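What follows is the residue order along each chain.
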Amino acid sequence: MRYQGYTGKYLEVDLTTGRIETRPVEDKLAETYLGANGFGTRLLWERVGPEVDPLSPENIIVFATGPLNGTLMPNSGRMEVITKSPLTGIYGDSNAGGFLGPELKFAGVDFVVFSGRAAAPVYLRIEDGRAELRDARHLWGKDTFETEELIQKELRDPGIKVACIGPAGENLVRYACIQATMSRSFGRVGGGAVMGSKNLKALAVRGFGPVRIADPEKFYEVATRSHFGIRGNDIYPAVSRYGTPGIVSIMNGIGRFPTKNFQLGGYDQADKINAEALREQYFVKDVACYGCPVACDKIYRVDEGPYAGTEVRSFEYETLGGYGASILNPRLDSIIKAGDLCDRLGLDVISVSRAISFAMELYDRGILKKEAFDGLNPVWGNIEDALELTRRIAYKQGIGALLSQGVRRAAAEIGHGADHYAMEVKGQEIASQDGRAQQSMGLAHVTSSRGADHLKGFPTIDETGYPTEARRRYGEQYLPDMADPRSTKFKGFLIKDGEDYAAVVDAVGTCKSGGNFVLAQLYWDDVAGAVRYATGMELDADGLKVIGERIVNLQRAYNALHGISRKDDRLPKRLLTEPNYQSTKEGSVCRLEEMLPEYYNLRGWDAENGLPTVARLRQLALDDVVERLGPKLKP
Amino acid sequence: MRIQLNPEKCTGCQICEAFCSFKKERAVWPARSRISVLKWEKEGVFIPFVCQQCERAACYEVCPVGAIARNEETGAMEVDESRCLGCKMCVTACPFGGVAYDPDRGRAIKCDLCGGQPECVKMCPTGALSFEREEKNALARKRQGAERLAKYIDAIGR
């Protein structure tokens, strides 16, 4: 490969035959799709057709890095897993920090593609470009922490980086996650179940090689400027001190903290589960991912009470929302316990906690009866039974089996209007991000390529109103609306730009939170410079924007192959019709229809079918998409 | 002057390794970094580890060709690559793993304090690494110890 930054090699692992091949990464692939999710999107498009069941051997799961992973750029430790999602049946990806991405690069591999199904449980070991499949029968049934530790012991190397599944993945829970390098998670879309379906327990990586840089002087300059820029940003001290839990109080203050399964937009007990309470009672230590000056990760430990001895890290806002406000549970130590349990079992905290609040609401309303719960009492706030429900979901016991499919499938099976309480888009559960209190967030959930998601468009600029950032990024002419969470004006633009930029940030292998969105320090020009000097590619901000747009469009096209169109870009009725009175006195709903046309228009998508037009696809050099989608498309 | 290690402030980000290796090798190459962060992930213990430029340096004593010598200006023990045989005696002799071996060039490699402006210290975001005069190092340590004592006295007093 002519470019630096990449290792230039990838591994093709056929689990059915046990064959492993090392192949070159084509220049063209890097030029058109950049890396990580870009690569994965292209591979899914080429290899996994609409007829493929996500849990069949024909699906693939890709672990992919980008050109900035393992470099000097701040937060360059994040990598992607891409697969067809068993939760949504469409495009799926998930991102995790930690150290796995850089390690894969140091091992001389840009990405790994798994296909097929092993006859018995295996794990893949990679060391400096050499790879082997190893027996994992003794690891099957073990939780994720035990698995990581056992592999490190077995290979006699505490520095080995492990990604693995727990019992939830083995049992094909549709939102099972993949845990990586000590508590970081590829949380969403059910990649853990895909690994489980392939009898693939883990990936273990060690590397001692370099990541080479095309223009060391210029790259060094961009990287150091980015580091010191982040460290000098106004909100760096707060993000660094509190991490994502820091937004509990902020979100609650603007009625954007979903409570009681989205019946409310704020929680009257929020101050018991906010970042200050967490820090005061349980904080042990700051922990960072590779190359990150922020260190938003923390270790928290419970020393007293029924959960004494529980220790968590990568403990996020979403856990506090999901196992706190969403089920009306104000006991912080029990939420820490829930976080630990989900990590060990290998469950996506967002989806599983939303499945539980869904079940609690159905019970409350008499749609699900007491008998369904096998002795449990799923009333609001009953955290003990919520924890037990979590276990039953991971092992698919009793009602756990029903809820393990995700709320959309569960609601369809339950009937009796249960779907009204299923807080999902395209089959994926909505995170603790309420589109009624922040209009752009509602739009982000429906346009996201992986089903309900706050991280694809990641509208942070108007979340609590960052006029300075809005002015810096977009210009005075967009104010005040751009920074107003209740305004729908310009939000189609905000989400379109956010999605394109997020696609690129994910593709290069850096962190959306620690520099690009939450801490909105870096933007198109910074990333373009970093990629240009790291790789040697002729690329500027405009070129980068085209790549971002191409990735988003190909994901949409992939979903279109699976029947997705305008009709699927919808929110749960609750968010459109039941006002959130914690957000505004008169109550607010998400005014989605005011934003969608602007979004489609800016995308160059047809407003009727919600699909890319032929003209836009050709502009993005996606001619093969035009051919394959054919009559579905408008000119 | 010495690179003072403050493990309690280390978050394990390895920025020091990335930048050290880049300065020395022009590639991001933690395996060739002169400084390493030793990690006990489960316990959350991270210890940055780098040559402390010993007064009676084993690497210096054992080198058969006098390729290791102190830079009087910076205080660093430096490897003269033109003299180094690649015999690895210094690697073996250092009780702390402060000297490593580069198999590509066949030379010993170690921290040289970047000529008096250590890159790792410059980039460390938390103060886990600092570059101070010995007297200040000692005072800082005393202050840390005294703070614990102060807290203890305060607790007893109540």
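Our subject is the structure that appears above.
Structure report, in brief. Each chain carries its own residue numbering, running from 1 in the written order of its sequence. Here the convention is simple: chains get letters from A, ligands get numbers from 1, in the order in which they are written. Since the coordinates come from a predicted model, pLDDT governs what is reported: local features require at least 70, and pairs of side-chain atoms require 80 or more to be given and counted, while whole-chain, interface and lining totals use all residues. Each side-chain value is derived from all of the structure's non-hydrogen atoms; neither hydrogens nor water enter the calculation.

Moving on, we come to the overall build of chain B. Only DSSP runs of H or I with at least four residues qualify as helices, and only runs of E with at least two residues qualify as strands; both kinds are numbered from the N terminus onward. Helices and strands together make up the secondary structure of chain B, namely 5 helices and 9 strands. Ordering the α and β elements of chain B from the N terminus gives β-α-β-β-β-α-β-β-α-β-β-α-β-α. Seen through its C-alpha atoms, chain B measures out along the principal axes to roughly 65 × 30 × 25 Å. Whether a residue is buried, partly exposed or exposed follows from its accessible area with a 1.4 Å probe, protein chains only, as a fraction of its type maximum: under 20%, in between, or over 50%, in that order. Counting over 158 residues, chain B shows a buried share of 42%. In chain B, of all internal contacts separated by at least 6 residues, the share reaching a separation of at least 24 is 53%. Every accessible area reported is derived by Shrake-Rupley at a probe size of 1.4 Å, with residue values counting cover from the shown protein chains alone. Looking at chain B as shown, the accessible area adds up to about 8,700 Å², and 54% of this sits on carbon and sulfur atoms. Counting rule for charge: Lys and Arg are taken as positive, Asp and Glu as negative, and neither His nor the chain ends is counted. Charge positions come from single atoms, namely NZ of Lys, CZ of Arg, CG of Asp or CD of Glu. For chain B, the distance from the average position of its 25 positive side-chain charges to the average position of its 21 negative side-chain charges is 2 Å. The contact criterion used throughout is that any non-hydrogen atoms of two residues lie within 4.5 Å.

Taken together, the 36 residues of chain A in the interface contact 28 residues of chain B. Buried area: the sum, over both parts, of the accessible surface (1.4 Å probe) that disappears when the two are put together. Both faces considered, chain A and chain B share a buried interface measuring about 2,500 Å² in area, 61% of it formed by carbon and sulfur atoms. Contact with chain B buries surface across chain A, with Leu72(A), Tyr220(A) and Lys285(A) losing the most and accounting together for 21% of the total. A pairing counts as a salt bridge when a side-chain nitrogen of Lys or Arg comes within 4 Å of a carboxyl oxygen of Asp or Glu. For the interface between chain A and chain B, the tally reads 3 salt bridges. The shortest N-O distance in the salt bridge between Arg26(B) and Glu217(A) comes to 2.8 Å. In the analysis that follows, any N or O atom pair within 3.5 Å is treated as a polar contact, provided that within protein one partner can donate a hydrogen and the other can accept it, and provided that, for residues neighboring in sequence, both atoms belong to side chains. Applying the counting rule to chain A against chain B returns 13 residue pairs in polar contact (both at pLDDT 80 or more). Of all elements in the fold, only β13 (211–212), α7 (216–232), β14 (283–287) and β16 (311–313) of chain A reach the threshold of two or more residues within the side of chain A that touches chain B.

On to the nonpolar core. Think of a nonpolar core as a cluster: buried Ala, Val, Leu, Ile, Met, Phe, Trp, Tyr and Cys residues, connected wherever their side-chain atoms sit within 4.5 Å. Among the nonpolar cores identified, the biggest contains 114 residues, and Leu34(A), Phe111(A), Phe219(A) and Val28(B) are the most heavily contacted of them. Broken down by element, this core gets its largest block of residues, 10 residues, from helix α22 (residues 541–561) of chain A. Residues contacting Leu34(A), with those up to four places away along its chain left out, are Tyr6(A), Leu29(A), Phe39(A), Pro67(A), Val504(A), Ala507(A), Val508(A), Val531(A), Leu539(A), Leu544(A) and Ile547(A).

This part is about the packing of helix α17 (residues 439–447) of chain A against helix α19 (residues 491–508) of chain A. Residues and elements named next belong to chain A. At their nearest, the axes of α17 and α19 sit 10 Å apart, and the two run at 50° to each other. By the angle between their directions, the pair α17 and α19 is classed as oblique. For the element pair α17 and α19, the recorded crossing hand is right-handed. Between α17 and α19, the residues in contact are Ser440, Leu443, Ala444 and Thr447 and Lys491, Gly492, Leu494, Ile495 and Glu499, respectively. For the contact of α17 with α19, a count of residues per class yields 4 nonpolar, 3 polar and 2 charged. Axis definition: a line fit to C-alpha positions, over the contact stretch in the case of helices; interaxial angles, taken between N-to-C directions, run 0 to 180 degrees. Here roughly perpendicular refers to angles of 65 to 115 degrees, roughly parallel to angles under 35, roughly antiparallel to angles over 145, and oblique to all remaining angles. Crossings are classed by handedness, with left-handed meaning an anticlockwise turn of the near helix from the far one by less than a right angle and right-handed meaning a clockwise turn. In this count, Pro and Cys sit with the nonpolar residues alongside Ala, Val, Leu, Ile, Met, Phe, Trp and Tyr, while Asp, Glu, Lys and Arg are called charged and the others, Gly among them, polar.

Turning our attention to the sheet that holds strand β11 (residues 184–186) of chain A. Each strand in a sheet pairs with its neighbour through backbone hydrogen bonds, running either in the same direction (parallel) or in the opposite one (antiparallel). Residues and elements named next belong to chain A. Paired strands, in this sense, are two strands between which DSSP finds at least two bridges. Ordered by their spatial adjacency, 6 strands build an open sheet running β8-β7-β12-β9-β10-β11, and the pairing between neighbours is mixed. The open sheet has two free edges, formed respectively by β8 (130–135) and β11, since each of these has just one partner strand. Neighbour-to-neighbour, the strand axes of this sheet turn through a mean angle of 20°, independent of strand direction. Sheet topology note: the strand β10 (residues 178–180)/β11 ladder contains 3 bridges and is antiparallel.

All right, on to helix α2 (residues 36–47) of chain A then. Residues and elements named next belong to chain A. Taking 1.5 Å of rise per residue, the 12 residues of α2 would be expected to cover 16 Å, and the 16 Å separating its terminal C-alpha atoms lies within 8% of that figure. Among the 12 residues in α2, 10 count as buried, and that is most of the element. For α2, the set of buried residues is Ala36, Asn37, Gly38, Phe39, Gly40, Thr41, Arg42, Leu43, Leu44 and Trp45. Here the expected span of a helix is defined as 1.5 Å times the quantity of residues minus one.

For the coordinates displayed, the defined rule picks out 68 salt bridges over all chains. When the shortest N-O distance is used, the salt bridge between Asp462(A) and Lys491(A) registers 3.1 Å. Here Asp462(A) is found in the loop between α17 and α18 (467–474), whereas its partner Lys491(A) is found in helix α19, with 29 residues between them in sequence. The same class applies to Asp462(A) as to Lys491(A), namely buried. Here Glu25(B) ties to Arg34(B) by a salt bridge, and the two come within 2.8 Å at their closest N and O atoms. Exposure class is identical for Glu25(B) and Arg34(B). Each is buried.

Looking now at the packing of aromatic side chains. Residues and elements named next belong to chain A. Note on ring pairs: Phe, Tyr and Trp rings are taken, using the six-membered ring of Trp, and paired if centres are within 6.5 Å. Classes follow the plane angle, with under 30 degrees stacked, over 60 edge-to-face and the rest tilted. Going through the model one piece at a time under the given rule, you end up with 27 aromatic pairs over all chains. An angle of 70° between the planes, with centres 6.0 Å apart, marks the rings of Tyr300 and Phe315 as edge-to-face. With a gap of 15 residues between them, Tyr300 in strand β15 (residues 297–301) and Phe315 in the loop between β16 and α11 (317–322) connect regions that are remote in the sequence. An identical accessibility class is assigned to Tyr300 and Phe315; each is buried. With a centroid separation of 6.1 Å and an interplanar angle of 65°, the aromatic rings of Tyr599 and Tyr600 are classed as edge-to-face. Each member of the pair, Tyr599 as well as Tyr600, carries the same accessibility label: buried.

Residue and element names in this part refer to chain A. With 12 residues, helix α14 (residues 383–394) extends 17 Å between its outermost C-alpha atoms, agreeing within 8% with the 16 Å of an ideal straight helix rising 1.5 Å per residue. In terms of burial, α14 is largely enclosed, as 9 of its 12 residues are buried. For α14, the full list of buried residues reads Ile383, Asp385, Ala386, Leu387, Leu389, Thr390, Arg392, Ile393 and Ala394. Where the residues of α14 are buried, they touch α5 (167–170), α12 (332–345), α13 (349–364) and α15 (399–403). Between the side-chain oxygen of the N-cap and the backbone nitrogen of Glu384 there are 3.4 Å, and the N-cap of α14 in question is Asn382.

With that out of the way, let us pick up a nonpolar patch on the surface. Residues and elements named next belong to chain B. Taken together, the side chains of Leu38, Trp40, Val45, Phe49 and Phe96 present a nonpolar region at the surface, about 460 Å² in accessible area. Taken together, the elements giving at least two residues each to the nonpolar patch come down to β3 (36–40) and β4 (45–49). Within the secondary structure, Leu38 is located in strand β3. In this structure Leu38 comes out as partly exposed when scored by relative accessible area, which is 37%. Patch criteria: residues need more than 30% relative accessible area and no salt bridge. Like-charged residues are merged within 9 Å; nonpolar side chains of Val, Leu, Ile, Met, Phe, Trp and Tyr are merged within 5 Å.

That's the geometry; what it means functionally is another story.
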